[in-house]
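# Examining the three-dimensional arrangement
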Amino acid sequence: MRIATSVLLLLPLAHPLLALKAHDFKTCSQSAFCRRGRALAERAPTAGSSWHSPYTIVPSSVALSSSASSFTSSVKSELYPDINFELEVRIHEDGVVRVRMDEVKGLRKRYDEASSWALVREPSLKNVKDVKWVKGKNEVKGVYDDVEVRVQYQPLKVSLWKGGREEVVLNGKELLHMEHFRVKEEKKEPETAEGGAEQAEQAVLQAPARPTAWFEGEEEDGLWAESFSTWTDQKPKGPESLSLDIHFPGHANVYGIPQHASPLSLPTTTGPSPHYTDPYRLYNLDVFEYLADSPMSLYGSIPFLHAHSAESTVGIFNAIASETWIDVSHPTEDSTLTHWVSESGILDVFLLPGPTPEDVFKQYARLTGTSAMPAHWALGYHQCRWNYISSEDVRSVQKRFDEDDFPLDVLWLDIEYSEEHKYFIWDAKNFPDPVAMVNDVAALGRKMVVIVDPHLKRVSTYPVYEKAKELDVLVKGRDGKEEYEGWCWSGSSAWVDFFHPGSWDWWKSLFRLTDGKDKDSWRWVDSTENVHIWNDMNEPSVFNGPEITMPKDNVHYGGWEHRDIHNINGMLFQNLTSQAITTRGSTPKRPFVLSRSFYAGSQRLSAIWTGDNMGSWEHMAVGIPMVLSNGIAGMTFAGADVGGFFGNPDPEMLVRWYQVGIFAPFFRAHAHIDTKRREPYLLEEPHKSIVRDVIRLRYSLLSVWYTSFRRANADGVPILRPHWVMFPKDKKGFAIDDQYFIGDSGLLVKPVTKPGATETQVYIPEDQVYYDYFTYNAYRGSAAGKTITVSSPLEKIPLFIRGGSIVPTRARPRRSSPLMKKDPFTLTVALSQAELATGELYLDDGESFDHQKGDLVWRKFDAWTLKAAKRTRMTLKSSDMTKSGQTVVDGSLVAPGAYRADNAYAKSVQSVRVEKLVILGLPKKPTTVIVQGVAQKEGWTWEGGVAADGKKEGGASVLVIKNPNLKIVDDWLVEVEF
Ligand code: NOJ
């Protein structure tokens, strides 16, 4: 406890803070190791030619491994000749290069386990015969494919060359510094006798310059302790920070390193007129009312960066778990320099050679895993509020949704469901019948999500806390012995140390739905399979801790300090909860566990959201690049609170916010306890009907979302695709982050995020036809890129189908998504200028893991046009995607041999029809429509209009084939002659 309890009791119950208090969070200049790192970078250029990196490889130590594609070598620093470092370079099977450096036989061990939590498995290395190592006088070079990894001895430098181009350079600017462990030197007391000051000055003048000064600076800065506000971080291990420059000589755009409320293409933080004056910070924090344009740290951290140019894309994954600051600058117009400074940990950097954005995604997914395949219902609409206050409240909210015909899949309960914020324990007064309440919600196919935070109320009446104490799995204070005590919602609290293996089985047992072998232990009996979980406050948030989190000198399992593992902490909590939910019943089911904190690898677990945003237009707008940025860093199942967590958005803002929300992978409305109720049924007309249509639009597109999730689950390519990902050579698109594509569907959306907007400008990146999703108006882009202006009054979302796409939708409005299982499909075939189109549809039972055994339906649709002398024929074909031999990141689409077209799931939906085909952009009215070889005399309608293959803009021609008597699971052909 670092501040008096009495002070906390005076704070408002709603939240201990009232508005963003920037002074609650450190700037770089308030963080000693960041200061040291930046000072190093600032000295480097001014030192001119005298500046050089003190780190060199001992050439005789370079030991190539005979069995794998790697080598190790000793590294020395000329500043500290007695300290030993080791460098290891490994070349993975897929061409990724891993560079590791650690201090060897030092006074202590640096934390080296970040990668073990992030990586999905230890990557296999390239076959030794596929890499040619060439040793030169001052370098060793590994050559494979069109890649060269050059490791220079003096000064130490590692660079990756591809196709003869230098793509990434480590320590090219010579800012590498691994502060070694050292013994604290006792300072001499200053002279106090008469004349002392004069003598001291003389002594300074005569003292030889510290040999390290040119590199480390003249003065020791915060090496052994540092204070911030009322907290002092004792640093018993002393300095151990790591500085590393990573230069991308040919890439002017960098993306990633979420989470920040900043543009997608990361603006500069140093150099002439930087956009931000502080570096991007990665340190998971609970930042109340965060700024809408800032490099400040937020709740999650993924140290993964893409560097992009029209020629190529490369990636960097820096497996570090401690607080990290990253400066970004452009030494030249077409290059980017990044400087990473981390508080502790080893150097463990992965260089992902690309060369396309898609390759980088796949390389990253091979390292850290792809995103989990979510339950289908989790893509529906989630209604949350802090708080629905009783089971009657829950029932009445659900009733209002139904009365007003709003689709809804999930109702949420925030912290007030629990007795005194003892999570799992229902507040019996307001929630006397939790299981009956959940069953009432589930009766309409819906789920509930209930919050379980990581802080445990320290009272003997709380069985969860008592058991954690008994198992000795609580995080310890700085003495490493006593449990750490801090403050959170539940008052005086303790935190489970999920790094402690002893906590794992116990945590999972809490969620078991039936008694297990541990039947004497407490478990959550008032729960059902329809309850899923929200893990909030897991940065962790500690109201009376430094920067609202845990003191860095707290101690975790294995003796590691909190500073070493901080950014991984929240992911472990979500991981254990996800495992618990998966295995709690008799058969494994896909878990939904929303986490606020995240790290590299969190995508394997479930969803995250962007935290406590504000009900403002700025926050609505910045939510888009934030979700895009999470996505390109693997964390694709993400969304922002619809409506904004704080404040009371007016109806116009709320409508626009729903329009943004339905185009995020995770779609949830949420609001702070002090806000007015704003469930969509409370809106007046016309806003109410507009929002109803918007949510229905989301539901009609659920198959598009689900298919996109399956793709992301298979190969790691994100669901939301920014322009630079879709059109990597189009420079005009590199900075665009307010419009994006959804998976491979061909849908391009630009949500409106400005008040009073009636028109919106949309960038069309190619010489192609794009159809307005609602009106079928055809727009044309140009090869050089073209900006069009479209009308976007309140009820209209600028949404387009890219020519060449086939989009599967379901039009029946339903109360919840499970009720859509047998609904028929509409296929919209949006012909390209070349009169082609293609699309996909993925389906499975939406909740079990049977899809991994091949219980699924994955259809491929293709349309093409053949011109003959007398007539032209367009063919539309449905075929089985799983037969097309597609592969994914780690193997084939389904387990080899497991898939059968007549699998149990496919059988369960074999009656599902295609109820409508809509074909856009045919040049002429058809003479014949042939379905499965049978000419259709009727059942189709034609409306003339603009043809796909022309140059005209305006209403496209529309052929509608109604009820063609086709099944979605079958192979079939439809032919149109004209
Ligand atoms: C903070 C979360 O960010 C917010 O969404 C939640 O409502 C409150 N904690 C209360 O649990």
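Residues numbered from 1 in each chain as written. Predicted model: local features only at pLDDT ≥ 70, side-chain atom pairs only at ≥ 80, totals over all residues. Heavy atoms only, no water.

Burial analysis of strand β42 (residues 825-830) places 6 of its 6 residues in the buried class, the great majority of the element. Here β42 shows a buried face lined by Phe-825, Leu-827 and Val-829 and a second buried face lined by Thr-826, Thr-828 and Ala-830. Sheet topology places strand β41 (residues 805-809) next to β42; 5 bridges connect them, and they run antiparallel. Bridge pairing in β42 links Ser-805 to Ala-830. Judged from the 6 bridges that link them, β42 and strand β48 (residues 913-920) form a sheet pairing that is parallel. Among the inter-strand pairings, Thr-826 is bridged to a residue of β48, identified as Lys-916. (Buried < 20%, exposed > 50% of the residue type's maximum accessible area, 1.4 Å probe, protein only. Helix = DSSP H or I, 4+ residues; strand = E, 2+ residues; numbered from the N terminus. Pairing = 2+ DSSP bridges.)

If you walk across this open sheet you meet the 7 strands as β33-β34-β35-β40-β37-β38-β52, and the pairing is antiparallel. At either end of the open sheet lies a strand with only one pairing partner, and these are β33 (720-721) and β52 (954-955). Here 2 bridges tie β33 to strand β34 (residues 740-742), and the two strands are oriented antiparallel to one another. Looking at the pairing, Arg-721 lines up with Phe-741 of β34. Sheet contacts for helix α15 (residues 702-715): β33, β34 and β35 (747-749); angle to β34, the most-contacted strand, approximately 90°. (Contact = heavy atoms within 4.5 Å. Axes fitted to C-alpha atoms, helices over the stretch in contact; angles between N-to-C directions.)

Bringing the UniProt feature "domain: Glycoside hydrolase family 31 TIM barrel" (unreviewed entry) in the protein into the picture now. The sites that UniProt annotates as "domain: Glycoside hydrolase family 31 TIM barrel" (unreviewed entry) are residues 372-707. Taken end to end, residues 372-707 comprises 32% helix and 11% strand; its first and last C-alpha atoms sit 13 Å apart. (UniProt positions renumbered as here; feature names shortened; annotations may be inferred.)

Around the ligand, the surrounding shell holds 13 residues, and the nearest of these are Asp-414, Asp-536, Arg-596, Asp-612 and His-670. Here Asp-536 contributes a side-chain N or O atom positioned 2.7 Å from a nitrogen atom of the ligand. Here Asp-612 contributes a side-chain N or O atom positioned 2.4 Å from an oxygen atom of the ligand. Grouping the constituent residues of the shell around the ligand by class yields 8 nonpolar, 1 polar and 4 charged. (Near = heavy atom within 4 Å. Polar contact = N/O pair within 3.5 Å; in protein donor to acceptor, adjacent residues only side chain to side chain. Nonpolar A, V, L, I, M, F, W, Y, C, P; charged D, E, K, R; others polar.)

Turning next to the sheet that holds strand β27 (residues 491-495). If you trace the 3 strands from one edge of the open sheet to the other, you get β25-β27-β26, paired in antiparallel fashion. Each having just a single partner strand, β25 (455-457) and β26 (486-488) make up the two edges of the open sheet. Strand-to-strand twist in this sheet, taken as the mean axis angle between neighbours without regard to direction, amounts to 60°. Bridge analysis of β26 against β27 gives 3 bridges, and the strand direction is antiparallel. Within β27, the position partnered with Cys-488 by the bridge is Gly-491.

The end-to-end C-alpha separation of helix α11 (residues 562-583) is 29 Å, in line with the 32 Å expected for 22 residues at 1.5 Å each. The sharpest bend along α11 measures roughly 55° and falls at Ile-568. In terms of burial, α11 is largely enclosed, as 19 of its 22 residues are buried. (Expected span 1.5 Å × (residues − 1). Bend = angle between axes of the 7 residues up to and from the residue.)

The domain architecture assigned to the protein consists of domain 1 (36-180 + 239-287 + 301-364) and domain 2 (725-754 + 768-776 + 795-977). Averaged C-alpha coordinates put domain 1 and domain 2 at centres separated by 43 Å. Across the boundary between the two partners, domain 1 contributes 13 residues, which contact 10 residues of domain 2. A per-residue breakdown of the area domain 1 buries against domain 2 is headed by His-308, Ala-310 and Pro-357, which together make up 42% of the total. Counting every contact that joins domain 1 to domain 2 gives 0 salt bridges. In this structure, the connection of domain 1 to domain 2 is made through 4 residue pairs in polar contact (both at pLDDT 80 or more). For the side of domain 1 that touches domain 2, the secondary-structure elements that each account for two or more residues are β15 (253-256) and α6 (357-368). Looking at the side of domain 1 that touches domain 2 element by element, the count peaks at 3 residues for α6. Looking at the side of domain 1 that touches domain 2, its residues break down into 6 nonpolar, 4 polar and 3 charged. (Domains from an automatic or database assignment. Buried area = accessible area lost by both parts, 1.4 Å probe. Salt bridge = Lys/Arg side-chain N within 4 Å of Asp/Glu carboxyl O.)

The next point concerns the state of the cysteines. By the definition in use, this model includes 1 disulfide. Here Cys-28 connects covalently by a disulfide to Cys-34, the sulfurs 2.1 Å from one another. The sign of the S-S torsion, about -100°, decides the handedness of the disulfide formed by Cys-28 and Cys-34: left-handed. On the accessibility criterion, Cys-34 (1% relative accessible area) is buried. In this structure Cys-384 is not part of a disulfide, and its nearest cysteine sulfur, from Cys-488, lies 17 Å away. Taking the relative accessible area as the measure of exposure, Cys-384 reaches 1% and is therefore buried. (Disulfide = S-S within 2.5 Å.)

Here we take up the pattern of salt bridges. Applying the stated criterion to the full structure yields 73 salt bridges. When the shortest N-O distance is used, the salt bridge between Asp-433 and Arg-395 registers 2.9 Å. Placement of Asp-433 in the loop between β23 (410-413) and α8 (434-442) and of Arg-395 in helix α7 (residues 391-403) is noted, with a sequence separation of 38 residues between them. Assessed through its relative accessible area of 24%, Asp-433 is described here as partly exposed. Residue Arg-395 is classed as buried on the basis of its relative accessible area of 19%. Arg-596 serves as the salt-bridge partner of Asp-536, at 3.3 Å between the closest nitrogen and oxygen. In this pair, Asp-536 is assigned in the loop between β28 (531-535) and α11 and Arg-596 in the loop between β29 (593-595) and β30 (608-609), connecting sequence segments 60 residues apart. By the burial criterion, Asp-536 is buried, and Arg-596 matches it.

The next point concerns the side chain of Gln-603. Note on placement: Gln-603 falls in the loop between β29 and β30. Of the residues examined, Gln-603 reaches a relative accessible area of 2% and is grouped as buried. For Gln-603, the contacting residues outside a window of four places in its chain are Tyr-364, Thr-368, Gly-369, Thr-370, Ser-371, Ala-372, Gly-634 and Met-635.

On to the pairing of strand β21 (residues 347-352). β21 sits mainly inside the fold: 6 of its 6 residues count as buried. Burial along β21 is two-sided: Leu-347, Val-349 and Leu-351 and Asp-348, Phe-350 and Leu-352, pointing in opposite directions, are all buried. Bridge count between strand β5 (residues 97-104) and β21: 5 bridges; the pairing is antiparallel. In the sheet register, Arg-100 faces β21, and the bridge partner there is Asp-348. Two strands pair when backbone bridges link them, and strand β18 (residues 313-318) and β21 are joined in this way by 4 bridges, in the antiparallel orientation. Following the sheet pairing, Gly-315 is matched in β21 by Leu-352.

Before going further, it helps to spend a moment on the packing of helix α13 (residues 651-661) against helix α14 (residues 687-700). Any two packed helices are characterised by the angle at which their axes cross and by the distance between the axes. Two elements in contact, α13 and α14, have axes whose closest approach is 9 Å; the angle formed by their N-to-C orientations is 5°. By the angle class used here, α13 and α14 are roughly parallel. Of the residues in α14, those in contact with Pro-651, Glu-652, Val-655, Tyr-658, Gln-659 and Gly-661 of α13 are His-687, Ile-690, Val-691, Val-694, Ile-695 and Arg-698. (Parallel < 35°, antiparallel > 145°, perpendicular 65-115°, else oblique.)

Once that is clear, we can look at the environment of His-247. Inspection of the secondary structure assignment puts His-247 in strand β14 (residues 242-248). With 63 residues separating them in the primary sequence, His-247 and Lys-184 have C-alpha atoms 34 Å apart. Ignoring sequence-local partners within four residues, the contact set of His-247 consists of Glu-167, Val-168, Val-169, Lys-173, Pro-331, Ser-335, Thr-336 and Leu-337.

Attention now goes to the nonpolar core. Most often, soluble globular proteins keep nonpolar side chains buried together rather than apart. One finds Trp-507 and Phe-663 to be the most contacted residues of the largest nonpolar core, which totals 217 residues. Residues contacting Phe-663, with those up to four places away along its chain left out, are Leu-697, Arg-698, Leu-701, Trp-705, Leu-720, Tyr-740, Ile-742, Val-749, Ile-797 and Leu-799. Ile-57, Leu-87, Leu-160 and Ile-316 belong to the second-largest nonpolar core, a separate cluster that totals 56 residues. (Core = buried A, V, L, I, M, F, W, Y, C linked by side-chain atoms within 4.5 Å.)

This part covers the packing of aromatic side chains. Evaluation of the coordinates by the stated rule reveals 54 aromatic pairs. Where Trp-117 meets Phe-499, the ring centres are 5.5 Å apart and the plane angle is 90°; that geometry is what we call edge-to-face. Highlighted residues: Trp-117 in helix α3 (residues 114-118) and Phe-499 in the loop between β27 and α10 (504-510), separated in sequence by 382 residues. Considered together, Trp-117 and Phe-499 belong to a single accessibility category, that of buried residues. Between Phe-424 and Trp-522 the ring centres are 5.8 Å apart and the planes differ by 70°, which places this aromatic pair in the edge-to-face class. Here Phe-424 is found in the loop between β23 and α8, whereas its partner Trp-522 is found in the loop between α10 and β28, with 98 residues between them in sequence. (Phe/Tyr/Trp six-rings, centres within 6.5 Å; stacked < 30°, edge-to-face > 60°.)

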